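Architecture at a glance
The chain contents come next:
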Amino acid sequence: MKKRVVSAFLCGLMVTGLLAGCGGNTSETDSGDQSTEEKETLEVWLPAKLNGEDEAIWDEISKPFEEENNVDVKFQFISWKEYETKYNSGISTNKGPDVGYMYVEMFPTYIDAGAVEDLTDYLTEEDYENYTVLGDNYKIFGKNYGIAQGGPEAVLTMFYNMDILNEIGEKAPETWEDVLRIASKAGKDTDGDGTIDQYGIAQGWGQTFYQDLNWNWYSFLYQAGGDIFDDEGKCILDNEDGIETAQFLYDLKNTEGALPADTMSLTNGEAFEKYFLTGKAAIGFTGGGSSTFEQLKSAEDPFEFGFSYDLQGYDGDMGARASVDQLVLMSAAENKDLAFSFIKYVTGREGGEKYHELAKANPNMTDQEWYGVPEMEEPYLEAVESSVIRPIKAARRATEVYDYLWKDLQEMMNGSMTPEEAMKDVTEYANSLDYQAPEE
């Protein structure tokens, strides 16, 4: 692919409203004649996701690499909400990172702009043997453009309150039918004031951008046997699978009345914290990481809980959406070999192992120790092996589609659109966009 001129890419980005970015030249010395006295600099941009400990953890991980390579690694930690905007700013000022962090939704724009490097010429046969995150599930448009620092994370997990289930005579839910039945039975006025204060599902639909598709949409669509895009990148949400998924979610709120009264004003995380963590909901869907388990185990009023990745749709399909975010080599990095060496170090045996230990991240290489929640290990590894746990599919213009989809889903949950109307509207909008890749 011919690399596009950055300014031209930025102009196109501003017109369409997409958020993206690319790297800038941050090296302080000539990469071919590195001084032993003057350090080179690597700019690394990462999302702030380690509960305020990002700087301390990353400083500890990167210190041996800095000393060995006479380099100063400078980190910027950016909030999820501002992450893509920050990359956009990096383009316009030519001050982007040498090493970046991308999630699936971001990749197509950067790839088409020539802003992120194809790693084919950097990876070795040994890398493909050692890393578990370089297979087809982790490629973007058939190529490896990054290396995930951990195995699939932020996996959509169904949690259930066994105390409530026992009280209403139910077992752990396995199917959508179970969820609907339990959600209908669990609603209750527990204090006798005439107002429902225990709910079937702790779910929030008030997020202002499409992030909560992670918890409220993708996995349910997989469980219906569907997907947002086909292999050619066309939206297919108006098919039976998409409509069935939308109807299931619609029914939870508008037919069964299983969601909290303030569901439309809360993010999903807020709803989980307000209702499930406090024992006021039978079921909650969120990312099943170490922090979630720690919150559950340290709840003020603890209760017995269970979890599963294996919820089945009406036809027995399963799927749990996961993040497989990756560290990427930006095309504008002056010393690409040094930048890639950093990526290999922090995803590999030494730096990667330290990251997994400090951040309780899932392993991304063969024969690595498990540092996460002990009871998660076996079901997680089985679900990854069987591809129940999987990332979303990369597609061009996807972020625009996700944003439009999220807004239509909110309208649907408010009762302003039927499930069929919502899926038809999103599909028509999505397929009106230009999905063509730039010419070679």
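Check the secondary structure of the chain and you find 17 helices and 11 strands. Relative to the compact-globule value of 22 Å for 440 residues, the chain shows a C-alpha radius of gyration of 23 Å, a close match. Principal axes of the C-alpha set define a box for the chain whose edges measure 75 × 45 × 35 Å. Looking at the chain residue by residue over its 440 residues, the buried ones come to 55%. On the chain, roughly 18800 Å² of surface is accessible, and the fraction owed to carbon and sulfur atoms is 44%. The distance from the centre of the 33 positive side-chain charges to the centre of the 85 negative ones in the chain is 3 Å.

Read from one edge of the open sheet, 4 strands run E6-E7-E5-E8, paired in mixed fashion. Of all the strands in the sheet, just strand E6 (199–202) and strand E8 (305–308) have a single pairing partner and so form its edges. Taken pair by pair, the neighbouring strands of this sheet meet at an average axis angle of 20 degrees, ignoring direction. Bridge count between strand E5 (residues 156–161) and strand E7 (residues 281–287): 5 bridges; the pairing is antiparallel. Bridge assignment links Met158 to a residue of E7, and that residue is Phe285. Each of E5, E6 and E7 touches helix H7 (residues 176–186); the most contacted strand, E6, lies at about 120 degrees to it.

Here the focus is the environment of Asp72. As for its placement among the helices and strands, Asp72 is situated in strand E2 (residues 71–78). For the pair Asp72 and Leu42, spaced 30 residues apart in sequence, the C-alpha separation works out to 6.3 Å. If sequence neighbours within four positions are ignored, Asp72 has contacts with Lys39, Glu40, Thr41, Leu42 and Glu66.

Before going further, it helps to examine empty space enclosed by the protein. In total, this model carries 5 cavities of 30 Å³ or more according to the counting rule given. Volume-wise, the largest cavity comes out at about 80 Å³. Lys49, Tyr101, Gln149, Gly150, Gly151, Glu153, Ser323, Val324, Asp325 and Tyr355 together form the lining of the largest cavity. Across the lining of the largest cavity, the residue classes break down as 3 nonpolar, 4 polar and 3 charged.

What follows concerns helix H11 (residues 268–276). Of all the residues in H11, the buried ones are Asn268, Ala271, Phe272, Tyr275 and Phe276. Looking straight down H11, one finds that the buried residues subtend no more than 100 degrees of arc, so they occupy a single side.

Chain-level statistics for the chain give a pLDDT mean of 90 and a share of 91% at 70 or above. Low pLDDT, under 50, characterises residues 1–36; the stretch is placed with 96 contacts to residues that sit more than four places away or in other chains.

Attention shifts here to the packing of aromatic side chains. Inspection of every chain in the model, using the stated rule, returns 38 aromatic pairs. Ring geometry for Tyr83 against Tyr103: centres 6.2 Å apart, planes inclined by 40 degrees, an arrangement best described as tilted. With Tyr83 in helix H3 (residues 83–93) and Tyr103 in the loop between strand E3 (99–102) and helix H4 (107–112), the pair connects residues that are 20 residues apart, well separated along the chain. Judged by relative accessible area, Tyr83 falls into the buried class, the value being 0%. What makes Tyr103 buried here is its relative accessible area of 10%. Above the plane of the ring of Trp45 lies Lys86, whose end atom (NZ or CZ) is 5.1 Å from the centre. Its end group placed over the ring of Phe141, Arg396 keeps NZ or CZ at 4.3 Å from the ring centre.

Criteria and thresholds
Residues numbered from 1 in each chain as written. Predicted model: local features only at pLDDT ≥ 70, side-chain atom pairs only at ≥ 80, totals over all residues. Heavy atoms only, no water. Helix = DSSP H or I, 4+ residues; strand = E, 2+ residues; numbered from the N terminus. Rg over C-alpha atoms; globule rule 2.2 N^0.38 Å. Buried < 20%, exposed > 50% of the residue type's maximum accessible area, 1.4 Å probe, protein only. Areas by Shrake-Rupley, 256 points an atom, 1.4 Å probe, with all protein chains shown as cover. Lys, Arg positive; Asp, Glu negative; His and termini not counted. Charge placed at Lys NZ, Arg CZ, Asp CG, Glu CD. Pairing = 2+ DSSP bridges. Axes fitted to C-alpha atoms, helices over the stretch in contact; angles between N-to-C directions. Contact = heavy atoms within 4.5 Å. 1 Å grid on protein atoms, 1.4 Å probe; cavity = no way out; pocket = protein on both sides within 12 Å on 5 of 7 lines; lining within 4 Å. Points joined across faces, edges and corners; volume = space filled by probe spheres on them. Nonpolar A, V, L, I, M, F, W, Y, C, P; charged D, E, K, R; others polar. Arc of directions from axis to C-beta. pLDDT = per-residue confidence, 0-100. Phe/Tyr/Trp six-rings, centres within 6.5 Å; stacked < 30°, edge-to-face > 60°. Lys NZ or Arg CZ within 6 Å of the ring centre and 35° of its normal.

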